[in-house]
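# Inside the fold
Given next are the chains, with one letter for each unit.
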Amino acid sequence: MQSESSNLTQSAAAPKSRHTWIDALRLLAGLSMVGLHATADANGQPFPDWPVEDRVIPMLLRAVLYTARTELFLMISIFLLFLSLSVRPRPYAHVVGEQAKRLLVPFLFWTAFYAVYNLIKADSFGYLVSEVSRISSAQAWVGFLSLGTVKYHMHFIPTLFGLVLLYPLYRKAYDHPVLGLSILGFLLIKRELDGIIYAQFWGHDLLPFLVRAVKIATYAGYGMAAAAFAGLWQKHAQARLRLWFLPALTLGVFLFYFKLLASWQTIETGTWPFDYTPGYWADFLMPAVLMLICMSLAHRAWPAALSRAARYSFGIYLCHPIFLDLAEIALRHSHFTPLTQILLEITWTIPLTAGFVWLLSRSPHLGWTIGLGPLPSPSRAFRHLDAVMKRKPKC
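This section reports on the structure supplied with the text. (Residues numbered from 1 in each chain as written. Predicted model: local features only at pLDDT ≥ 70, side-chain atom pairs only at ≥ 80, totals over all residues. Heavy atoms only, no water.)

Inspection of the entire model under this criterion finds 2 cavities of 30 Å³ or more. One number sums up the size of the second largest cavity: a volume of about 30 Å³. Taken together, Thr70, Glu71, Leu74, His155, Phe156, Thr159, Lys215 and Tyr219 make up the full set of residues lining the second largest cavity. Broken down by secondary-structure element, the contributors of at least two residues to the lining of the second largest cavity are α4 (70-87) and α8 (156-165). Residue contributions to the lining of the second largest cavity peak at 3 residues, all from α4. The residue inventory of the lining of the second largest cavity, partitioned by class, reads 3 nonpolar, 3 polar and 2 charged. (1 Å grid on protein atoms, 1.4 Å probe; cavity = no way out; pocket = protein on both sides within 12 Å on 5 of 7 lines; lining within 4 Å. Points joined across faces, edges and corners; volume = space filled by probe spheres on them. Helix = DSSP H or I, 4+ residues; strand = E, 2+ residues; numbered from the N terminus. Nonpolar A, V, L, I, M, F, W, Y, C, P; charged D, E, K, R; others polar.)

Written out as structure tokens, the structure reads:
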């Protein structure tokens, strides 16, 4: 995702200023994930042990942050892929090979890292023995490597790679943008299949794999929508794209209203309202609507600083649990209200994550872990070792 954006924004055919709105979305998606994960307790729940009044502001804040959920990252990635293919066409095998290197090699690194790093939080919260047992299980590693279950945010990379494998399907939407509306049908199928699968396979080892298979297959709707947006962007003048702003904004306000209703249910009950159908549609359609709103505003003067900061968005997404875990450990025995906990976690996690990612980006050997450097290769490592061995010692 980082490489595709860099190639596009540096190409003469696609001036950087034209894509600042995409960079703004990338940065928003990365930062919103930090806030999103901070607006739940250490168990991923909506602070059920606290009084209703203490959940009001945290859940309203979460409703705002949830407009830029993980699906926005997926759409941006497919959008950039199609823009890249329009500049530099490549065969399917070449594209898949590129994406495998860019996504799966860092994925393996962070999977191994978090498998070990999770032990720190497990020890602090009293479940070290079960966590050691988990990472010692071959079955758990199958989930780690295929589903990204090693940490709550790692599902993004294998899901994105699965969507990339399906990108030929999206070409029709690129040529005929009206097919982007098929996202509605795909999400309807997802909701129905999820209900069937959870009812039939609850407690079965196959459940997470079936759920992920359905997710990737039905998230093809996001691929269709992203490809449709890429087709509109490439083939229509910005003056025509501006006309989408008011309809998209109206739809966004409408969806956000239902998101607020869902959030109010969470405030009252202390549970996530998975069975609230309007909330489902508000959650899953908002990333596409938000992307359309920003695309319709692409002609505006977006701050250039957004593009400079956006290159770190993928790293922020990958690395923020490092510092969020430390914040949760520090606050585990505190009696701060949920809002205070959230503010403390965010003000700790975002600056430290940003600084850590910046340091990784400056490293000639670790930048690849966040998509900002050349991938490691045996030949490069051998050349480096050979140079070190031949270096003459100073007298």
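Next, the rest of the story.
Moving on: the environment of glycine 35. With respect to the secondary-structure elements, glycine 35 resides in helix α2 (residues 20-38). As for glycine 35 and isoleucine 342, which are separated by 307 residues in sequence, their C-alpha atoms are 7.9 Å apart. When residues no more than four places from it in sequence are discounted, the contact partners of glycine 35 are Leu65 and Ile346. (Contact = heavy atoms within 4.5 Å.)

Geometrically, a packed helix pair is captured by the angle between its two axes and the distance between the axes. Here helix α10 (residues 183-201) crosses helix α15 (residues 277-296) at 140°, and the two axes come no closer than 11 Å. The angle between α10 and α15 falls in the class oblique. Crossing handedness for the pair α10 and α15: right-handed. When α10 is examined against α15, the residues Ile183, Leu184, Leu187, Leu188, Lys190 and Arg191 are found in contact with a partner set consisting of Thr277, Tyr280, Trp281, Phe284, Leu285 and Ala288. Here the contact of α10 with α15 is built from residues that sort into 9 nonpolar, 1 polar and 2 charged. (Axes fitted to C-alpha atoms, helices over the stretch in contact; angles between N-to-C directions. Parallel < 35°, antiparallel > 145°, perpendicular 65-115°, else oblique. Left-handed = near helix turned anticlockwise from the far one by under 90°.)

As a further point, take the packing of helix α9 (residues 167-175) against helix α12 (residues 220-235). At a minimum axis separation of 7 Å, α9 and α12 run at an interaxial angle of 40°. What the angle tells us is that α9 and α12 run oblique. In the crossing of α9 with α12, the sense of the turn from one axis to the other is right-handed. Touching Leu169, Tyr170, Ala173, Tyr174 and Asp175 of α9 are Ala220, Gly223, Met224, Ala227, Ala228, Ala230, Gly231, Gln234 and Lys235, all from α12.

Quick look at the packing of aromatic side chains now. What the rule picks out here adds up to 25 aromatic pairs. Between tryptophan 21 and phenylalanine 79, the aromatic rings sit 5.5 Å apart at their centres with planes inclined by 80°, giving edge-to-face as the arrangement. With tryptophan 21 in helix α2 and phenylalanine 79 in helix α4, the pair connects residues that are 58 residues apart, well separated along the chain. Residue tryptophan 21 is classed as buried on the basis of its relative accessible area, which comes to 0%. Residue class for phenylalanine 79 comes out buried when judged on its relative accessible area of 0%. (Phe/Tyr/Trp six-rings, centres within 6.5 Å; stacked < 30°, edge-to-face > 60°. Buried < 20%, exposed > 50% of the residue type's maximum accessible area, 1.4 Å probe, protein only.)

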